[in-house]
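Structure at a glance
Listed here are the chains, written in short residue letters.
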Amino acid sequence: MRVLVVEDESLMATAIRDGLRLEAIAADLAGDGDSALELLSINAYDIVILDRDIPGPSGDAVAMSIVASGSGMPILMLTAADRLDDKASGFGLGADDYLTKPFELGELVLRIRALDRRRANNRPPVREIAGLRLDSFRREVYRDGRYVALTRKQFAVLEALVAAEGGVVSAEELLERAWDENADPFTNAVRITVSALRKRLGEPWVITTVPGVGYRIGTGLDAPGEQGARG
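What comes next concerns the included structure. What you are looking at is a predicted structure, and each value in this text was computed from that prediction instead of being measured.

Rules used throughout
- Residues numbered from 1 in each chain as written.
- Predicted model: local features only at pLDDT ≥ 70, side-chain atom pairs only at ≥ 80, totals over all residues.
- Heavy atoms only, no water.
- Helix = DSSP H or I, 4+ residues; strand = E, 2+ residues; numbered from the N terminus.
- Buried < 20%, exposed > 50% of the residue type's maximum accessible area, 1.4 Å probe, protein only.
- Contact = heavy atoms within 4.5 Å.
- Areas by Shrake-Rupley, 256 points an atom, 1.4 Å probe, with all protein chains shown as cover.
- Pairing = 2+ DSSP bridges.
- Axes fitted to C-alpha atoms, helices over the stretch in contact; angles between N-to-C directions.
- Parallel < 35°, antiparallel > 145°, perpendicular 65-115°, else oblique.
- Left-handed = near helix turned anticlockwise from the far one by under 90°.
- Nonpolar A, V, L, I, M, F, W, Y, C, P; charged D, E, K, R; others polar.
- Core = buried A, V, L, I, M, F, W, Y, C linked by side-chain atoms within 4.5 Å.
- Expected span 1.5 Å × (residues − 1).

1. Examining the overall build of the protein
Along its length, the protein carries 9 helices and 11 strands. Within the protein, the proportion of its 231 residues that are buried is 45%. Contacts in the protein between residues far apart in sequence, at least 24 positions, make up 56% of those at least 6 positions apart. Working note: accessible area of the protein is about 11,400 Å², and carbon and sulfur atoms make up 51% of it.

2. Some details on the sheet that holds strand 5 (residues 97-100)
If you walk across this open sheet you meet the 5 strands as 2-1-3-4-5, and the pairing is parallel. At either end of the open sheet lies a strand with only one pairing partner, and these are strand 2 (26-30) and strand 5. Taken pair by pair, the neighbouring strands of this sheet meet at an average axis angle of 20°, ignoring direction.

3. Considering unusual backbone geometry
For the bond running from K101 to P102, omega is -5°, close enough to zero to count as cis. Structurally, the position occupied by P102 is in the loop between strand 5 and helix 5 (105-119). Cis geometry marks the peptide bond from E203 to P204, where omega comes out at -5°. Its location among the elements puts P204 in the loop between helix 8 (189-201) and strand 10 (207-210). Even without glycine at this site, A24 takes up a positive phi of about 65°. Its location among the elements puts A24 in the loop between helix 1 (10-21) and strand 2. On the basis of relative accessibility, which here comes to 12%, the residue A24 falls in the buried class. With a phi close to 50°, D144 is a non-glycine residue in the positive phi region. Summarising the element assignment, D144 is placed in the loop between strand 8 (140-143) and strand 9 (146-147).

4. Some remarks on the packing of helix 2 (residues 33-42) against helix 3 (residues 59-69)
Running from N to C, helix 2 and helix 3 cross one another at 20°; their axes reach a closest spacing of 9 Å. Comparing their axes, helix 3 and helix 2 come out roughly parallel. In this structure, helix 2 meets helix 3 at a crossing whose hand is right-handed. Taking contact as the criterion, the partners of G33, A36, L37 and L40 in helix 2 are, on helix 3, V62, S65 and I66. Each residue belonging to the contact of helix 2 with helix 3 can be placed in one class, and the counts come to 5 nonpolar, 2 polar and no charged.

5. Remarks on the nonpolar core
If you look at the biggest cluster of nonpolar residues, it comprises 26 residues, and the most contacted ones within it are V157, L158, L161, L174, L201, I207 and I217. For this core, the elements supplying multiple residues, two or more each, are strand 7 (132-135), helix 6 (152-163), helix 7 (171-178), helix 8 and strand 11 (214-217). With 7 residues, helix 6 is the single largest residue contributor to this core. With residues up to four places along the chain from it excluded, the contact list for L174 reads V157, A160, L161, V169, W179, V190, V194 and Y215. Residues A30, L40, V62 and L93 belong to the second largest nonpolar core, which totals 19 residues.

6. Brief notes about helix 6
Between its terminal C-alpha atoms helix 6 stretches 16 Å, which fits the 16 Å expected from 12 residues at 1.5 Å a residue. Of all 12 residues making up helix 6, 9 are buried, and the element is well covered by its neighbours. Every buried residue of helix 6 is listed here: Q154, F155, A156, V157, L158, E159, A160, L161 and V162.

What follows is the structure, given as structure tokens:
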């Protein structure tokens with residue numbers, strides 16, 4: 001999952017980003033409305049965490065822009081204002097959830113997970129493919145009934161591959177979905193993570209490398225052997 005955190009208090013923004021990373025949620029930061037609108041125009045985000053009181057175009061203006069785009073992107077508003085009419089106006093602008101400051105990071109994570117489930121309500125909460133069973137909410141993976149312990153990055157990569165339902169996912173897309181905007185596009189982090197993920201899942205290898213294109217979940221006889229799995 002990748003989120004955009006729009007927050008002008010740099011210490012709070014950094015704390016939120018670092019805390020979300022520990023939960024395998026990639027987060028980009030925007031400190032004002034202009035930066036937020038620019039990032040929204042060039043990147044695909046699952047959720048926007050939006051402070052209402054920011055420099056430049058206000059959080060309210062950013063929220064209205066998101067709603068007008070028709071993307072359906074969930075908006076979680078953050079604000080120090082906790083009056084009922086403040087919350088009502090926020091929901092009226094299109095916010096999907098509202099969290100007042102100060103807040104616990106754990107509660108923010110729970111609300112993000114809930115919004116992501118709501119956004120994906122047309123998909124089953126537990127996905128199964130090629131003997132894999134992935135539960136995004138519980139952060140659990142099973143291979144043919146066997147529990148597989150994964151690191152946060154491995155889980156994020158597998159989650160993107162499973163969501164593609166057998167389709168090819170490029171290394172660039174995996175980098176975008178599982179890392180954040182500070183990731184080096186020329187890094188071999190994706191290849192290393194996929195290789196380690198294959199080993200964790202065990203044989204027969206279930207992640208197929210499509211040379212020059214990306215990776216996919218192999219099903220049935222098209223899953224590669226060890227040589228075909230390299231890369």
